[in-house]
Amino acid sequence: MKLHFNPASPFVRMVTVTANELGIRDQIEDVPTGEFLPIKVHGGVSADNPLGRIPALVTDHGTAIHDSRVICEYLCHHAGDKEILPDEPVKRFRMLTLQSLAVGVMDTGVALRYETFLRPEEKRWADWISRQQARIAAALDDLEANWKSELSNVNCGSIAVACMLGYLDFRYGDMGWCDTRPNLAAFYEGFAKRPSMMATMPPA
Ligand code: BEZ
């Protein structure tokens, strides 16, 4: 399998952590994107995902798969896994909803990064920035209050939450998300020590 890869992307990390947890990371060859900018077409990535987004995976059968959530599901299927993504419907859809919540925060965090770091200062939109920050805070509050059971083991949802929190620490180190959210802080402290997380740290 080949993976369009950039170590700064939380979506890529979600895939590589999942592959590590499944014990199949060595079956995936990384294809580094190099510079990856939201306003430029990346020919290599776009050949496998017309949206030009990473990650995109090409299977050993030559089929392109995206986005990160579908890739994680494919990897679980490929590895014959029933724990990271269980079949049992109550667990399955709860974990997928948790994953969706975390991916939503990643989407928002990455969009904010583009707005506040890449976009020329005079074109920035303060109300939009505030709304994205509020959206992230609301999702973190929900994670703090309502997902204790799903965050107590390794599954597609807890992996996504850990990668999302890792991205917030990476790009928004002064946000202080853990100051008022002890349950989430305790979850992350434990999960971040897993070999799958240690092996996929974003660049310094
Ligand atoms: C980042 O540098 O924050 C980033 C890079 C690639 C994809 C998403 C985010």
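Residues numbered from 1 in each chain as written. Predicted model: local features only at pLDDT ≥ 70, side-chain atom pairs only at ≥ 80, totals over all residues. Heavy atoms only, no water.

1. A look at the overall build of the protein chain
Argument step 1. When helices and strands are tallied, the protein chain shows 8 helices and 4 strands.
Argument step 2. Helices and strands appear in the protein chain in the N-to-C order β-α-β-α-β-β-α-α-α-α-α-α.
Argument step 3. The C-alpha atoms of the protein chain give a radius of gyration of 17 Å, which matches the 17 Å a tight globule of 204 residues would have.
Argument step 4. Referenced to the eigenvectors of the C-alpha coordinate spread, the extents of the protein chain come out at roughly 45 × 40 × 30 Å.
Argument step 5. Here the protein chain, with 204 residues, has 45% of them falling under the buried criterion.
Argument step 6. For the protein chain, restricting intrachain contacts to residue pairs at least 6 apart in sequence, the fraction spanning at least 24 positions comes to 68%.
Argument step 7. One way to put it: in the protein chain the 21 positive side-chain charges average out to a point 2 Å from where the 26 negative ones average out. (Helix = DSSP H or I, 4+ residues; strand = E, 2+ residues; numbered from the N terminus. Rg over C-alpha atoms; globule rule 2.2 N^0.38 Å. Buried < 20%, exposed > 50% of the residue type's maximum accessible area, 1.4 Å probe, protein only. Contact = heavy atoms within 4.5 Å. Lys, Arg positive; Asp, Glu negative; His and termini not counted. Charge placed at Lys NZ, Arg CZ, Asp CG, Glu CD.)

2. Section: the pattern of salt bridges
Argument step 1. Applying the stated criterion to the full structure yields 11 salt bridges.
Argument step 2. A salt bridge links R119 to E115; the nearest nitrogen and oxygen atoms lie 3.2 Å apart.
Argument step 3. Residue R119 is classed as partly exposed on the basis of its relative accessible area of 33%.
Argument step 4. For E115, a relative accessible area of 8% puts it in the buried group.
Argument step 5. In this structure, a network of salt bridges that share partners links the residues E73, K82, D87 and R92. (Salt bridge = Lys/Arg side-chain N within 4 Å of Asp/Glu carboxyl O.)

3. Observations concerning the domain arrangement of the protein chain
Argument step 1. Each domain of the protein chain was delimited in the assignment, giving domain 1 (2-79) and domain 2 (89-194).
Argument step 2. Its C-alpha centre places domain 1 at a distance of 20 Å from the equivalent point of domain 2.
Argument step 3. In this assembly, 13 residues from domain 1 lie in contact with 18 residues from domain 2.
Argument step 4. Close ionic contact of R194 with E21 constitutes a salt bridge, the shortest N to O distance being 2.8 Å.
Argument step 5. Remark: the boundary between domain 1 and domain 2 carries 3 residue pairs in polar contact (both at pLDDT 80 or more).
Argument step 6. Elements with a minimum of two residues in the side of domain 1 that touches domain 2: helix 1 (10-22) and helix 3 (68-79).
Argument step 7. By residue number, the principal contributor to the side of domain 1 that touches domain 2 is helix 1, which donates 7 residues.
Argument step 8. Tallied by class, residues from the side of domain 1 that touches domain 2 come to 8 nonpolar, 1 polar and 4 charged. (Domains from an automatic or database assignment. Polar contact = N/O pair within 3.5 Å; in protein donor to acceptor, adjacent residues only side chain to side chain. Nonpolar A, V, L, I, M, F, W, Y, C, P; charged D, E, K, R; others polar.)

4. Observations regarding the site of the ligand
Argument step 1. Near the ligand you find A8, S9, V110, Y167 and R171, and these make up its full shell.
Argument step 2. Here an oxygen atom of the ligand sits 2.6 Å away from a polar atom, N or O, in the side chain of Y167.
Argument step 3. With respect to the ligand, the side chain of R171 contributes an N or O atom lying 2.7 Å from an oxygen atom.
Argument step 4. Split by residue class, the shell around the ligand holds 3 nonpolar, 1 polar and 1 charged. (Near = heavy atom within 4 Å.)

5. Regarding the packing of helix 5 (residues 126-146) against helix 6 (residues 156-171)
Argument step 1. At a minimum axis separation of 13 Å, helix 5 and helix 6 run at an interaxial angle of 135°. Looking at the two axes, helix 5 sits oblique to helix 6. Between helix 5 and helix 6 the crossing geometry is left-handed. For the pair formed by helix 5 and helix 6, the contact residues are I136, L140 and L143 on the first element and V161, M164, L165 and L168 on the second.
Argument step 2. In the contact of helix 5 with helix 6, the residues fall into 7 nonpolar, no polar and no charged. (Axes fitted to C-alpha atoms, helices over the stretch in contact; angles between N-to-C directions. Parallel < 35°, antiparallel > 145°, perpendicular 65-115°, else oblique. Left-handed = near helix turned anticlockwise from the far one by under 90°.)

6. Here's the deal with the pairing of strand 1 (residues 2-5)
Argument step 1. As defined by bridge partners, strand 1 adjoins strand 2 (residues 29-32) across 4 bridges and the pair is classed as parallel. By the bridge assignment for strand 2, L3 is matched with D30.
Argument step 2. At this point the chain moves from strand 1, through helix 1, to the parallel strand 2, and the crossover so formed is right-handed.
Argument step 3. Across 2 bridges, the pairing between strand 1 and strand 3 (residues 57-58) is antiparallel. Paired with K2 across the two strands is V58, which belongs to strand 3. (Pairing = 2+ DSSP bridges. Right-handed = clockwise from strand over helix to strand, strands pointing away.)

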